[in-house]
Amino acid sequence: GPPPPIQKRTRNRTVPPPPRTMFSSVARNVARRAASSASNSASSSFRSPLLLSSSSSSSSPSAVRSMSGFPAPRLFDYDTVTSNLSVSDAISSVEDAFAALARGDVDVPMPMHIGVDDHSSGPSGAGPGDCHIKGGYVQSAPTFTVKLACVSFYKNVERGLPPGSGIFIVVNAVTGAPLGVFQENRFMTDLRTGAAGAVAMKYCSNEEQDAVGFVGCGAIARNMARAAAAVRPIKGVAYAVDGAEEFAREMEEELGVPFEVASTCEELCGKSDIIFTQTPGGSTVLEKEWLTKEGGVTIIASGSDQPTKNEIPVDVLASSKYISDLTKQTSKVGELRSAIEAGAMTEGDVYAELGEVVNGDKKGREGDEIIVVDLTGTGAQDAAIGQVAWDKLSQL
């Protein structure tokens, strides 16, 4: 998921521990007894319903448990998560979340980013890597979600570990108590990204547009393909520097729809009504003159989720009907950021946010225009897939 702009950090400084001579052991014990006495006094003046229903005194173990008493959240391991959730589970809930987001019914703070510089040759062995923290609450929902996603820990490959990991924490919106911790290692993130791709395709292309290209053929592309096939029957075209043949073969077998492999991205663009781009975002992946398909082209870009990433050229963005998932994010970490920096666009040039199209406030495809849908990933999507995961897996 996308971080906010990376701010300059100062070097770590060693801070000496606080002196331990301020209190003697005797003084510390006196302080503890005083605090305990104050706590007992406070508990005697406020009695919870749970305590009042108990015949035991306020100092009994059962009373202490009732005062502290949220059960531990359930832990769902990776195998449980991956064997019980699919992208089709998430599509309708993510669609609803985008609609709520456009109505202003979702609390979505800006993402938090923690950068871990490369100290792999030093004593700590840390980094390089990045941690993104997102969350959101869809108003009136019974839960909200906080997500921690670690990415780009590429040294893990040498250790026989994946470069990314992550957890979702689903919280009871009534009590504020954590309900479940899902060790999803970016699986649920990829599901909700795929679901957003399905929503974008549904509302920003027409029923006749069934030739679907995939630029980049990794885990996210697989979920995009599954999501696209859930919207309507498709004919797939794949292109990647690596892995396109395997991707096309696997998706054709799994989805029961034809796939072909393009030898160049230009060839893919010429054959595709809808183009999903999901690359590392180190450089742009297509050119405006390649977008020649009659009836218009819809580009659904999900590779840009940091201020250093960019998949779509500025001239394509500036000439398109540009739709963001959340403009306050795409202007900072999405494709829109590069067009703003180049002076080719402003936030005022955003045609719509995706939720406005879902709600019918703005139209999707109207003719043969180029449409770019910029998916940076929102906390609303995380809240949606978190609710789905809790509803389904808590019944196991």
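This report concerns the structure included in the present document. For clarity, every value in this text was computed on a predicted model and none was experimentally measured. (Residues numbered from 1 in each chain as written. Predicted model: local features only at pLDDT ≥ 70, side-chain atom pairs only at ≥ 80, totals over all residues. Heavy atoms only, no water.)

**Re the nonpolar core**
Put simply, the rule reads: Each nonpolar core is a collection of buried residues, namely Ala, Val, Leu, Ile, Met, Phe, Trp, Tyr and Cys, held together in the definition by side-chain atoms within 4.5 Å. Accessible area is worked out with a 1.4 Å probe on protein chains only. A residue is then buried under 20% of its type maximum, exposed over 50%, and partly exposed in between. For the purposes of this entry, the term helix denotes a DSSP run of H or I that reaches at least four residues, the term strand denotes a run of E that reaches at least two, and both are numbered from the N terminus.
Ranked by internal contacts, the top residues of the largest apolar core, which has 65 residues, are Leu85, Phe182, Met188, Phe214, Phe247, Phe259 and Phe276. Broken down by element, the residue count for this core peaks at 10 residues, all from helix H6 (residues 187-204). One finds Ala262, Leu336, Ala339 and Ile370 within the second-largest nonpolar core, a separate group that totals 23 residues.

**Section: the environment of Gly194**
This is how the line gets drawn: Two residues qualify as a contact provided that any one of their heavy atoms is within 4.5 Å of a heavy atom in the partner residue.
Assignment of secondary structure puts Gly194 in helix H6. On the basis of relative accessibility, which here comes to 0%, the residue Gly194 falls in the buried class. For the pair Gly194 and Ala221, spaced 27 residues apart in sequence, the C-alpha to C-alpha distance is 8.0 Å. Residues in contact with Gly194, not counting those within four places in the same chain, are Val87, Asn223, Met224 and Ala227.

**Observations concerning the sheet that holds strand E11 (residues 274-277)**
Think of a sheet as strands paired side by side through backbone hydrogen bonds, with each pair either parallel or antiparallel. Under the convention used in this document: Following DSSP output, two strands are said to pair if at least two bridges run between them. Under this scheme, a helix contributes an axis fitted over its contacting stretch, all axes are lines through C-alpha atoms, and angles between N-to-C directions fall in the 0 to 180 degree range.
Taken in spatial order, the 8 strands line up as E10-E9-E8-E11-E12-E15-E13-E14 in an open sheet, and their pairing is parallel. Unpaired on one side and paired on the other, strand E10 (259-261) and strand E14 (352-353) mark the two borders of the sheet. With 4 bridges joining them, E11 and strand E12 (residues 297-301) adopt parallel strand pairing. Looking across to E12, one finds that Ile274 is bridged to Thr298. With respect to the sheet, H6 is in contact with strand E8 (211-215), E11, E12, strand E13 (321-324) and strand E15 (370-374), its orientation differing from that of E12 by roughly 160°. The strands touched by helix H7 (residues 219-231) are E8, E10 and E11; relative to E8, the strand with the most contacts, the crossing angle is about 170°.

**Here we look at the side chain of Asp325**
Put simply, the rule reads: Positive: Lys, Arg. Negative: Asp, Glu. His and the chain ends are not part of the count. Note on definitions: salt bridges are taken to be side-chain nitrogens of Lys or Arg within 4 Å of carboxyl oxygens of Asp or Glu. As used in this structure description, the phrase polar contact means that two N or O atoms lie within 3.5 Å; if the pair is within protein, one of them must be able to donate a hydrogen and the other to accept it, and residues adjacent in sequence are counted only when both atoms belong to side chains.
Relative to the helices and strands, Asp325 is located in the loop between E13 and helix H11 (327-333). At 6.7 Å, Lys134 is the nearest oppositely charged side chain to Asp325, a buried residue that forms no salt bridge. For Asp325, the side chain forms a polar contact with the main-chain nitrogen of Thr376, separated by 2.6 Å. Within polar-contact distance, the side chain of Asp325 engages the backbone nitrogen of Gly377 at 2.8 Å. Sequence-distant contacts of Asp325, that is, excluding residues within four places in its chain, are made with Phe98, Leu101, Thr330, Glu353, Leu354, Asp374, Leu375, Thr376, Gly377, Thr378 and Gln381.

**Points about H6**
The α-helix advances 3.6 residues per turn, and as a result positions three or four apart in sequence lie on the same side. Rule in force here: Given a helix with a known number of residues, its expected span is that number minus one, times 1.5 Å.
If you check H6, its first and last C-alpha atoms are 26 Å apart, about what 18 residues at 1.5 Å a residue would give, namely 26 Å. Of all 18 residues that make up H6, 16 are buried, and the element is covered over most of its length.

**Side note on the pattern of salt bridges**
Going through the model one piece at a time under the given rule, you end up with 16 salt bridges. Salt-bridge contacts for Lys321 lead to Glu369; the nearest nitrogen and oxygen are separated by 2.9 Å. With Lys321 in strand E13 and Glu369 in the loop between helix H13 (354-359) and E15, this residue pair connects regions lying 48 residues apart in the sequence. A single burial state applies to Lys321 and to Glu369, both of which are buried.

**Concerning the pairing of strand E7 (residues 178-183)**
Bridging between strand E1 (residues 74-76) and E7 involves 3 bridges; their strand directions are parallel. Paired with Arg74 across the strands is Gly180, a residue of E7. As paired elements, strand E6 (residues 165-172) and E7 share 5 bridges and run antiparallel to each other. Each residue of the ladder has a partner; that of Phe168, found in E7, is Phe182.

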